[in-house]
Amino acid sequence: MPHAGQSTSLGIASRAGLYVHVPFCDSKCGYCDFYSVAIKDRDTSPLIDALIREIGVRVPDSGYEIQTIFFGGGTPTVIPIEQLGALLAATRDAVDLSKVVEFTVEANPATVNDAKAELLVRSGVTRVSMGAQSFIPSELASLERLHSPDDIPPSVATLRRHGIKQLNLDLIFGVPGQTLDTWRESLRRAIELKPNHIACYGLTYEPGTRLTAQRETGRLQSCDEDLEAEMFECTVEVLAAAGFHQYEISNFAKPGCECRHNLLYWRNEPYIGIGPSAAGCIHNRRYKNVSDIGGYVRMIGASGLAEIESEAIDRETLIHELVLMQLRLNEGLDLRLFRERTGVDPRELFAEPLGQLSSSGLIEWDDAAIRLTRRGRLLANHVMAELVAGSAVSGDVALPVIAA
Amino acid sequence: MTDLRLIRNFSIVAHIDHGKSTLADRILESTGVVARRDMREQFLDDMDLEREMGITIKANRCTCPYTYKGETYMLNLIDTPGHVDFHYEVSRALAACEGVLVLVDATQGVQAQTVANAYAALEVGCDMILVINKIDLPAARPEDIALEAEQVLGLDSSGAIFTSGKTGLGLDELFAAIIEKIRPPAGDPDGKLKALIYDAKPDVHRGVICHTRVYDGSFKRGDKIELMAAGRDYIITEVGKCRPKPTAAEVLGAGEVGYFLAGIKTIADVSIGDTVTLSSDPTDQRMPGYQPPQQMVFCDFYPGIGTTTDQLREAMEKLWLNDSSFTYSTVGSDALGIGFRCGFLGLLHMRIIQERLEREGNVSVVQTAPTVTYEILLTDGATQKIESPSELPDISGVEEIREPFVTAQMIVPADSVGQIMQLSMERRGRQVKTEYLSSTRVMMTYDFPLAEILYDFYDKLKSCTKGYGTADYHLKNYEVGDMVKMDILVNGMPVDALSVIVHRDKAAYRGRRLLERLKKEIDRHQFEIPLQAAVGGKIIARETIKAFRKDVTAKCYGGDITRKRKLLEKQKEGKKRMRTVGNVSIPQEAFMSILDPED
């Protein structure tokens, strides 16, 4: 499979993705650990102005040609339409849209109306990712989602009417109280809406979230691990039968409809991150912006940038990240790319753990790639940890020089 | 050379945390040996680990000049360790002194180690001064505590000195008492050289520094000396005194405490307690020497992942040159490969050695549970000592197994006597006597099998007594016990490093507890793992670790990479402490889970 961004490592014209983080939501969901705040009566314009400024500074300065754009959050569609328009216009100004192959905006049901849908399409947005999460009212309630199952179809229809052809629906399994039957029902209702992409996430108890606090204080009972594994296996089967193939642990698409922007993360390619708490990885350096909105607006006002962390990706880090990200993909860890970027053959580097993991039926490989097996995907963290712990990393070999 | 009349050699003994190091700091400071601006806390504790753990491990020393009634005295302070594991170091230091300050915390009173250390000083025949410390604290009861010390230790409370190491209160009185009440050293300055090596320390640049107490005669740079027990001659390259850094002097004479250098390469060449004399004119009165330290606790150290056996051996050799009070020998385990059986003075000593190995030797260590030495009487009448369950001969050839017993002294509040009796019974203890020190405090003497109090007894004692109880013990004898070897099987495979010798009555209970612990320590694998405890081939307890089915991160996008990678790297580090037995990964903690007899 051709890799769009690998040209960076060969020193040819480099391409990157652009991520813009809009940190506002109608309300904060109990499970969510992304940085966002409830919009309420808040004046969002200083933040939007700061985003526009950071785009204007970062994108031209990076030297990358932008290939994909993703507006995430938060819920980008909750901000006032004039501000959304200004943000989209600024993006158009900074990026050559004719080179952009995919432009995604995240939305929640009941946050898109005709005016906003029209604006999105007019501004070059090609894809919408909608947080449907579940079609069961009690499950939406325990996830603290504000919408009802009935809000989902009209929102999808609105987007379609204005010309959005590429549509993703997010769903969550492993929700407290969920059964295999209710999960099948959500999958069925999602398929019925004919999206070309579905993402199914096992509910994760992230540290510091309300959900985790509720579990720790015994106010909710988490889903049984075996049941969750069954849900995951059922997902793969049901979606495959409906024509969606799994291409990443949690992502399923109709042929050719994989999310190009997200693929770029999983293939360890460069991306620019804009906005509070956003991370970027450019020229072998990862940075992270300050999280809180006030701090972000101040820093952008002062210098046009808002980085608070930055790390050079050294060889060992790169090896860990290649394993961590590429094994998530069904296409697997690309042997040629790994050799080019690290100078070693992963089959030699991981010879010992590979042997053990393949005899346990968790991993397989050929001349092109190392891949998780279907069972291995359920135990991906275990496989990755075994690989890096058993690797024969020796010395610090310099990274191949990468052109700016 | 100093006039004998003007020399005082003394040591300070105390229960841990009674403020000995702080008082020593004040003595150094007020005699001007260490300038106030150079003062760090616990100046004499110069091992990093000592300062971190707030305890003294190796005895240190310092010579302090002090002017009293118009004459300048040389006060030689020899600091001693306070912990039960390091008794032998205390005795060593005391043997070089004429006097000892028995330091007691004015809020805590006499504790178990105060008693043990004061008895040790009494045995050596030191002059004793009772010092009640920390009198600046609001809860201090100096007069009551002094009376209590008189009753328990037989020290005259009317001569007690009240001090605060923190504020320096009472220091002048203390110096006066040291000079007035401790006898000056006896000895013949012109006699044949007789000196004792009471400690030795390696120095990378200058060879071994031997700390010495001179009894008769004198010696200086250029003298040819003989280490009498070793039967080796050396040429003295430097003599001096510690102030507290080694400082060269012209000569070391009778009654003095100091050090010498003689081009001695390694610490193994010096035996502590040896007598130094002049080769040309040797003394005919060799000193009796010291009992070598006795190792009470044994465990195995194996190389962790990323460390080879050779690297571990090298680190152990290096550490042993610095602290020869532990022993090691090569040992093999099916589960863990080639490692080392090590003997320690006690559990704290074991922990310190493990930590120093990892810290100073930069190696990763997998440690098995500590065990005591058992004495085996074979059917042919021969006896044999074993330091590990794996050394136990086939049971058909064993007549009896004898286990080490200790006599323990516990000083506890009177209202916790019931709980302590209960605890002691659970640990197969036998009551020897109970004495009331006052209406609120009791000294209880018990005999215990050492194995029963090895691990968590002290913590239990502390929790039964709200932190006020203290204990100290010494080895008594070996007694016959109904002991059996319990094997642990993980996924059907016996793991030799997890085997343990237990009392038959306690085997089933210990087996269940051990498996419960193991179950918590061993992560779920992608297959089911049975855990079994067996005695003589019979399964006495069983647990199962269920297979895991799902361990996968749901979301991993651009903003998550750093955090997820750090999680991955943390898991990788965790695996460094794992050993694979069959196809089960066992973390280091699991090998220690044998330790925990109760929760």
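The rules behind the values
Residues numbered from 1 in each chain as written. Chains lettered and ligands numbered in written order. Predicted model: local features only at pLDDT ≥ 70, side-chain atom pairs only at ≥ 80, totals over all residues. Heavy atoms only, no water. Helix = DSSP H or I, 4+ residues; strand = E, 2+ residues; numbered from the N terminus. Buried < 20%, exposed > 50% of the residue type's maximum accessible area, 1.4 Å probe, protein only. Contact = heavy atoms within 4.5 Å. Areas by Shrake-Rupley, 256 points an atom, 1.4 Å probe, with all protein chains shown as cover. Expected span 1.5 Å × (residues − 1). Polar contact = N/O pair within 3.5 Å; in protein donor to acceptor, adjacent residues only side chain to side chain. Buried area = accessible area lost by both parts, 1.4 Å probe. Salt bridge = Lys/Arg side-chain N within 4 Å of Asp/Glu carboxyl O. Nonpolar A, V, L, I, M, F, W, Y, C, P; charged D, E, K, R; others polar. Disulfide = S-S within 2.5 Å. Phe/Tyr/Trp six-rings, centres within 6.5 Å; stacked < 30°, edge-to-face > 60°. Lys NZ or Arg CZ within 6 Å of the ring centre and 35° of its normal. Core = buried A, V, L, I, M, F, W, Y, C linked by side-chain atoms within 4.5 Å. Axes fitted to C-alpha atoms, helices over the stretch in contact; angles between N-to-C directions. Parallel < 35°, antiparallel > 145°, perpendicular 65-115°, else oblique. Left-handed = near helix turned anticlockwise from the far one by under 90°. Pairing = 2+ DSSP bridges. pLDDT = per-residue confidence, 0-100.

**A closer look at the overall build of chain B**
For step 1, the next point in the chain: The secondary structure content of chain B amounts to 14 helices and 33 strands.
For step 2, the next point in the chain: The burial tally for chain B puts 59% of its 599 residues in the buried class.
For step 3, the next point in the chain: Partitioning the contacts of chain B with sequence separation of at least 6, the portion at a separation of at least 24 is 69%.
For step 4, the next point in the chain: Just so you have it, chain B exposes about 24,500 Å², and 49% of that area is on carbon and sulfur atoms.

**Digging into helix H9 (residues 225-241) of chain A**
Residues and elements named next belong to chain A.
For step 1, the next point in the chain: The end-to-end C-alpha distance of H9, which contains 17 residues, comes to 25 Å, matching closely the 24 Å that a straight helix rising 1.5 Å per residue would cover.
For step 2, the next point in the chain: Within H9 the residues assigned to the buried category are Asp 226, Glu 228, Ala 229, Met 231, Phe 232, Cys 234, Thr 235, Val 236 and Leu 239.
For step 3, the next point in the chain: Summarising the contacts, the buried residues of H9 are in contact with strand S7 (166-173), helix H7 (180-192), strand S8 (197-202), strand S9 (245-248), strand S10 (251-253) and helix H16 (374-378).
For step 4, the next point in the chain: Structurally, the start of H9 carries an N-cap: the backbone nitrogen of Asp 226 is 3.0 Å from a side-chain oxygen of Asp 224.
For step 5, the next point in the chain: Count one or two residues on from H9 and you reach Gly 243, which has phi positive near 95 degrees.

**Digging into the interface of chain B and chain A**
For step 1, the next point in the chain: Taken together, the contact between chain B and chain A spans 26 residues of the former and 45 residues of the latter.
For step 2, the next point in the chain: Here chain B packs against chain A, burying approximately 3,500 Å² in sum over the two surfaces, 53% of which is carbon and sulfur.
For step 3, the next point in the chain: The partner of Asp226(A) in a salt bridge is Lys546(B), with the nearest N and O atoms 3.8 Å apart.
For step 4, the next point in the chain: The interface formed by chain B and chain A contains 23 residue pairs in polar contact (both at pLDDT 80 or more).
For step 5, the next point in the chain: Looking at side-chain class alone, the side of chain B that touches chain A contains 7 nonpolar, 6 polar and 13 charged residues.

**Quick look at the state of the cysteines**
For step 1, the next point in the chain: Taken as a whole and assessed by the stated rule, the structure comprises 0 disulfides over all chains.
For step 2, the next point in the chain: Cysteine Cys64(B) remains unbridged, with the sulfur of Cys62(B) as its closest cysteine sulfur at 4.0 Å.

**Examining the packing of aromatic side chains**
Two numbers describe a pair of aromatic rings. These are the distance of the centres and the angle of the planes.
For step 1, the next point in the chain: Counted by the stated rule, this structure contains 18 aromatic pairs over all chains.
For step 2, the next point in the chain: Ring centres of Tyr265(A) and Tyr557(B) lie 6.4 Å apart, and the angle between their planes is 70 degrees; on these two criteria the pair is classed as edge-to-face. With Tyr265(A) in helix H10 (residues 260-266) and Tyr557(B) in the loop between strand S31 (538-545) and helix H13 (561-576), this residue pair bridges two chains. When sorted by exposure, Tyr265(A) lands in the same class as Tyr557(B), which is buried.
For step 3, the next point in the chain: Chaining the aromatic ring pairs together yields one cluster made of Tyr247(A), Tyr265(A), Trp266(A), Tyr271(A) and Tyr557(B).
For step 4, the next point in the chain: One residue, Lys254(A), lies across the ring of Phe244(A), its end atom 4.7 Å from the ring centre.
For step 5, the next point in the chain: Over the aromatic face of Tyr215(B) sits the side chain of Arg213(B), whose NZ or CZ is 4.4 Å from the ring centroid.

**Section: the nonpolar core**
For step 1, the next point in the chain: The biggest cluster of nonpolar side chains holds 118 residues, and the ones touching the most others in it are Leu18(A), Leu51(A), Leu171(A), Cys200(A), Tyr296(A) and Leu387(A).
For step 2, the next point in the chain: When neighbours within four sequence positions are excluded, Leu171(A) is seen to be in contact with Ala132(A), Gln133(A), Ser134(A), Phe135(A), Trp183(A), Ser186(A), Leu187(A), Ala190(A), Ile198(A), Ala199(A), Cys200(A) and Tyr201(A).
For step 3, the next point in the chain: The next biggest cluster of nonpolar side chains, apart from the first, holds 47 residues, and it includes Phe301(B), Val417(B), Ile453(B) and Met483(B).

**Details of the packing of helix H12 (residues 315-326) of chain A against helix H17 (residues 380-389) of chain A**
Residues and elements named next belong to chain A.
For step 1, the next point in the chain: Packing of H12 against H17 brings their axes to within 10 Å, and their N-to-C directions diverge by 155 degrees. The angle between the axes of H12 and H17 places the two elements in the roughly antiparallel class. In the crossing of H12 with H17, the sense of the turn from one axis to the other is right-handed. Contacts between H12 and H17 pair His 320, Val 323 and Leu 324 from the former with Met 384, Leu 387 and Val 388 from the latter.
For step 2, the next point in the chain: Looking at the contact of H12 with H17, its residues break down into 5 nonpolar, 1 polar and no charged.

**Here's the deal with the pairing of strand S12 (residues 238-242) of chain B**
Across a regular strand the side chains alternate sides, sitting on one face of the sheet and then on the other.
Residue and element names in this part refer to chain B.
For step 1, the next point in the chain: S12 sits mainly inside the fold: 5 of its 5 residues count as buried.
For step 2, the next point in the chain: Bridge analysis of S12 against strand S15 (residues 257-261) gives 3 bridges, and the strand direction is antiparallel. Across the sheet, residue Val 239 finds its bridge partner in S15, namely Phe 260.
For step 3, the next point in the chain: Pairing geometry for S12 and strand S13 (residues 246-249), over 4 bridges, is antiparallel. Residue Lys 241 lies in a different strand from S13, and its bridge partner there is Thr 247.
For step 4, the next point in the chain: Connecting the antiparallel pair S12 and S13 is a turn made up of 3 residues.

**Points about the confidence of the model for chain A**
Residues and elements named next belong to chain A.
For step 1, the next point in the chain: In the predicted model, chain A carries a mean pLDDT of 91, and the fraction of residues at 70 or more is 94%.
For step 2, the next point in the chain: Counting interchain partners and residues more than four positions distant, the pLDDT-below-50 stretch residues 1-12 has 30 contacts.
For step 3, the next point in the chain: With pLDDT under 50 throughout, residues 394-404 is counted as low confidence; its partners more than four residues away or in other chains account for 20 contacts.

**Some details on the sheet that holds strand S19 (residues 337-344) of chain B**
Sheet strands pair via backbone hydrogen bonds, and the direction of the pair is either parallel or antiparallel.
All names here are of chain B.
For step 1, the next point in the chain: One open sheet accounts for 4 strands, arranged S18-S19-S17-S20; its pairing is antiparallel. Unpaired on one side and paired on the other, strand S18 (327-333) and strand S20 (365-367) mark the two borders of the sheet. Across the sheet, the mean angle separating the axes of adjacent strands is 35 degrees when strand polarity is ignored.
For step 2, the next point in the chain: On top of the sheet, helix H7 (residues 309-322) reaches strand S17 (297-303), S18, S19 and S20; it is set at about 20 degrees to S19, its chief contact.
For step 3, the next point in the chain: Running over the sheet, helix H8 (residues 347-361) touches S17, S19 and S20 and is turned about 20 degrees from S17.

**With respect to the sheet that holds strand S15 (residues 333-334) of chain A**
Residue and element names in this part refer to chain A.
For step 1, the next point in the chain: Strand order in the open sheet formed by 3 strands is S15-S17-S16, and the pairing between neighbours is antiparallel. The open sheet has two free edges, formed respectively by S15 and strand S16 (363-365), since each of these has just one partner strand.
For step 2, the next point in the chain: The sheet contact formed by S15 and strand S17 (residues 369-372) spans 2 bridges and is antiparallel. Bridge pairing in S17 places Asp 334 opposite Ala 369.

**Considering the pairing of strand S30 (residues 529-535) of chain B**
Residue and element names in this part refer to chain B.
For step 1, the next point in the chain: Of all the 7 residues making up S30, 7 are buried; the element is thus mostly covered by neighbouring parts of the structure.
For step 2, the next point in the chain: Sheet topology places strand S27 (residues 483-490) next to S30; 5 bridges connect them, and they run antiparallel. Bridge pairing in S30 links Leu 489 to Gln 532.
For step 3, the next point in the chain: Counting the residues that bridge the hairpin from S30 to S31 gives 2 residues, and of these Gly 536 lies at a positive phi of roughly 55 degrees.

**Focus: the pattern of salt bridges**
Oppositely charged side chains can form a pair if their charged atoms are brought close together.
For step 1, the next point in the chain: Counted according to the given criterion, the structure contains 64 salt bridges over all chains.
For step 2, the next point in the chain: As a salt-bridge pair, Arg188(A) and Glu185(A) come within 3.1 Å of each other at their nearest N and O atoms. Residue Arg188(A) and its partner Glu185(A) are both found in helix H7; the two are separated by 3 residues, about one turn of the helix.
For step 3, the next point in the chain: Classification of Glu185(A) by relative accessible area gives partly exposed; the value is 27%.
For step 4, the next point in the chain: Taking the shortest distance from any N to any O, the salt bridge between Lys572(B) and Glu316(A) comes out at 3.0 Å. In this pair, Lys572(B) is assigned in helix H13 and Glu316(A) in helix H12, connecting two distinct chains.
For step 5, the next point in the chain: One salt-bridge network, in which partners are shared between bridges, spans Arg286(A), Glu311(A), Glu321(A), Arg565(B) and Glu569(B).

**With respect to the environment of Ala392(A)**
All names here are of chain A.
For step 1, the next point in the chain: In this fold, Ala 392 is placed in the segment after H17.
For step 2, the next point in the chain: You can call Ala 392 exposed: its relative accessible area is 51%.
For step 3, the next point in the chain: Separated by 43 residues in the primary sequence, Ala 392 and Leu 349 place their C-alpha atoms 5.3 Å from one another.

**Details of the environment of Leu319(B)**
For step 1, the next point in the chain: Topologically, Leu319(B) is positioned in helix H7.
For step 2, the next point in the chain: Along the chain, Leu319(B) and Ile353(B) lie 34 residues apart, while their C-alpha atoms are 8.2 Å from each other.

**Brief notes about the packing of helix H3 (residues 81-94) of chain A against helix H4 (residues 114-122) of chain A**
When two helices pack together, you describe them by how their axes are tilted relative to each other and by the distance separating the axes.
All names here are of chain A.
For step 1, the next point in the chain: The N-to-C vectors of H3 and H4 enclose an angle of 5 degrees; their axes lie 10 Å apart at closest approach. With respect to their mutual orientation, H3 and H4 come out roughly parallel. Across the interface between the two elements, Ile 81, Leu 84, Gly 85, Leu 88 and Arg 92 of H3 pack against Ala 115, Lys 116, Leu 119, Leu 120 and Arg 122 of H4.
For step 2, the next point in the chain: Considering only residue class, the contact of H3 with H4 consists of 6 nonpolar, 1 polar and 3 charged.

**What about the side chain of Ser164(B)?**
For step 1, the next point in the chain: Looking at the element boundaries, Ser164(B) is found in the loop between strand S6 (161-162) and helix H6 (171-181).
For step 2, the next point in the chain: Once residues within four sequence positions are removed from consideration, Ser164(B) is found in contact with Asn133(B), Lys134(B), Ile135(B), Asp136(B) and Leu169(B).

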